[in-house]
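Next come the chains, spelled out residue by residue.
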Amino acid sequence: MLRDRVQEAVDVLRANDRGGYTVPTQGLYPFQWLWDSGFVALGWAVLEEKRAFDELETLFRGQWENGFLPHIVFHRDDPGYFPGPEVWGTGREPRSSGITQPPFLAPVVLHLVRASGEKGLAWARKLYPRLLALHRFLHLHRDSEGTGLVAVLHPWETGMDNSPAWDLPLKRVPRHPLPSEARRDTKHVPPEERPQLKDYERYLYLVSLFRRLGYDPGFCYRESPFRVVDVGFNALLLFADEALAELAQLLGENPSEPRGWWQKGLSALEALWEEEAGLYRSLDLCSGRRIPRDTSAGFLPLLLPLPRPRVERLMATFRAWMGEARYLFPSVLPSAPYFEAKRYWRGPVWAPVNWLLAWGLVRHGFPKEAARLREDFLALVERSGFREYYHPLTGEGLGGQGFSWTAALYLAWARGQSSPPVGPSA
Ligand code: DGY
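Described below are features of the structure shown in this document.

What counts, and where the lines are drawn
- Residues numbered from 1 in each chain as written.
- Predicted model: local features only at pLDDT ≥ 70, side-chain atom pairs only at ≥ 80, totals over all residues.
- Heavy atoms only, no water.
- Helix = DSSP H or I, 4+ residues; strand = E, 2+ residues; numbered from the N terminus.
- Buried < 20%, exposed > 50% of the residue type's maximum accessible area, 1.4 Å probe, protein only.
- Contact = heavy atoms within 4.5 Å.
- Near = heavy atom within 4 Å.
- Polar contact = N/O pair within 3.5 Å; in protein donor to acceptor, adjacent residues only side chain to side chain.
- Nonpolar A, V, L, I, M, F, W, Y, C, P; charged D, E, K, R; others polar.
- Expected span 1.5 Å × (residues − 1).
- Axes fitted to C-alpha atoms, helices over the stretch in contact; angles between N-to-C directions.
- Left-handed = near helix turned anticlockwise from the far one by under 90°.
- Parallel < 35°, antiparallel > 145°, perpendicular 65-115°, else oblique.
- Phe/Tyr/Trp six-rings, centres within 6.5 Å; stacked < 30°, edge-to-face > 60°.

**A few points about the side chain of Thr295**
With respect to the helices and strands, Thr295 occurs in the loop between strand S7 (289-290) and helix H12 (308-322). A residue is classified by how much of its surface remains accessible, and Thr295, at 7% relative accessible area, is buried. For Thr295, the residues in contact, after removing those within four places along its chain, are Ser163, Pro164, Ala165, Leu279, Trp321, Ser331 and Val332.

If you want it as structure tokens, here you go:
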């Protein structure tokens, strides 16, 4: 049974391979996306190590001279996606968007190096300066006050586009009138599984604002009405800082800069802890308040070395969530008033979140819970195929079909549990 699905997963990756990069799925997402590439590389690594590194090298072709890495690289034209390169108007070659996404890349490179030894080190040596430049950009331009945590300026930068956590900060963002036919996503996927038009109009307002500001990092930071310290983005960046420091050491480079970001960020993360709720929450920099919405992102600090009592408290909350969903891990607690079982990041289960949480649980010594995340994911694929996301109560497949990161993580997980590339189990 499992073997059949392995071959299907391989077929999905091969069908979405455009030569050096992989589209997340045909039709809905026809270009290269930043954080998708990290997860996709974990799958390619099972088949062909060199192809995994190629995925990241191709992504970095889109890097700007200031270190910024866009969330989409438009390697080829495709009229089936909105907003395409002409809407972004970043004037770069290759054409790209002008916002970023969670930098889940250094941990992937380190994971690949650990699996492929000397060969991997030689490939990683080429990527290292690119990664360092990206991390420098984020710590410099997205943390202008030097707090240790970075801001995102657009919900798309979090990767969790329509998370309920962005509802309140988005209220400050004007709506950019958008005829519903401008959207292409709802031609590929039922509208009730996608963000709503009122969200899209705000997403587009931010794009037009950044375009007017010429994508200048300082102007965009100051002028954006959406400025949020997202707990998910920061947990992933700090995890990536730790991996980058480790990579520096393996390559004979100086690890002190990434290590410094990591240490400072770990103490700053305390500002996001919500004792009463028993998990981490994002901070709205415009209001100065933590956002009172609980989402799966609030557990991602498990990727980091946390004090034991903190881990125990977080695990108590984790277990309460476990009790509410048939399939782990829901992006929102099913009993929350803002839960929507089918709507994108407002309830469904996503493969990358299961993967990241499992790495965090392995790191902190919870193999049973980590195994449950893996088993539920495998069961979802068995039941519904390689979908973009899944209904947490029924297991119904939702969103895009033949989805690359789902297939890639299935391959990476088919043979057993995986350990994070940093931390005690590395
Ligand atoms: C989309 O188009 O849905 C993406 O998430 C934005 O990058």
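**What to know about the site of the ligand**
Close contacts around the ligand come from Tyr29, Trp33, His71, Tyr81, Trp156, Asp161, Arg194, Tyr200 and Tyr344, and that covers them all. Here Arg194 contributes a side-chain N or O atom positioned 2.8 Å from an oxygen atom of the ligand. Among the residues forming the shell around the ligand, the class breakdown is six nonpolar, one polar and two charged.

**Focus: helix H2 (residues 34-47)**
Across its 14 residues, H2 extends 21 Å between first and last C-alpha, which sits within 8% of the 20 Å expected from 1.5 Å per residue. In terms of burial, H2 is a largely internal element, eleven of the 14 residues being buried. For H2, every residue scored as buried is listed here: Leu34, Trp35, Asp36, Ser37, Gly38, Phe39, Val40, Ala41, Leu42, Gly43 and Trp44.

**Observations regarding helix H13 (residues 351-363)**
Helix length check: H13, at 13 residues, gives a terminal C-alpha distance of 19 Å against a target of 18 Å (1.5 Å per residue), a fit within 8%. Where burial is concerned, most of H13 is hidden: 13 out of the 13 residues are buried. Following H13 by one or two positions, Gly365 adopts a phi angle in the positive range, close to 80°.

**Structural notes on the packing of H12 against helix H14 (residues 367-384)**
For any two helices packed against each other, the geometry comes down to the angle between their axes and how far apart the axes lie. Here H12 crosses H14 at 35°, and the two axes come no closer than 12 Å. Judged by the sense of rotation from one axis to the other, the crossing of H12 with H14 is left-handed. Of H14, the residues touching H12 (which contributes Met315, Phe318, Arg319 and Met322) are Glu369, Arg372 and Leu373. A class-by-class count of the residues in the contact of H12 with H14 yields four nonpolar, no polar and three charged.

**Regarding the packing of helix H10 (residues 231-250) against helix H11 (residues 256-268)**
Following both chains from N to C, one finds H10 and H11 inclined at 150°, their axes separated by 8 Å at the closest point. Between H10 and H11, the crossing angle belongs to the class labelled roughly antiparallel. Remark: the crossing between H10 and H11 carries left-handed chirality. In contact with Leu238, Asp241, Glu242, Leu244, Ala245 and Gln249 of H10, H11 contributes Pro258, Arg259, Trp261, Trp262, Gly265 and Leu266. Classifying every residue of the contact of H10 with H11 by side-chain character gives seven nonpolar, two polar and three charged.

**Some points on the packing of aromatic side chains**
A ring pair, where both rings are aromatic, is described by two values, the distance of the centres and the angle of the planes. The final tally for this structure, using the stated rule, is 39 aromatic pairs. Summarising the aromatic geometry, the rings of Trp64 and Tyr215 are spaced 6.1 Å apart at their centres and angled 85° between planes, so their arrangement reads as edge-to-face. Highlighted residues: Trp64 in the loop between helix H3 (49-60) and strand S2 (72-73) and Tyr215 in the loop between helix H8 (197-212) and helix H9 (217-223), separated in sequence by 151 residues. Its relative accessible area of 6% is what places Trp64 among the buried residues. A centroid spacing of 6.0 Å and a plane angle of 70° characterise the contact between Trp156 and Tyr200, whose relative ring orientation is edge-to-face. Placement of Trp156 in the loop between helix H5 (106-141) and helix H6 (167-170) and of Tyr200 in helix H8 is noted, with a sequence separation of 44 residues between them. Overall, Trp156 belongs to the buried group, its relative accessible area being 4%.

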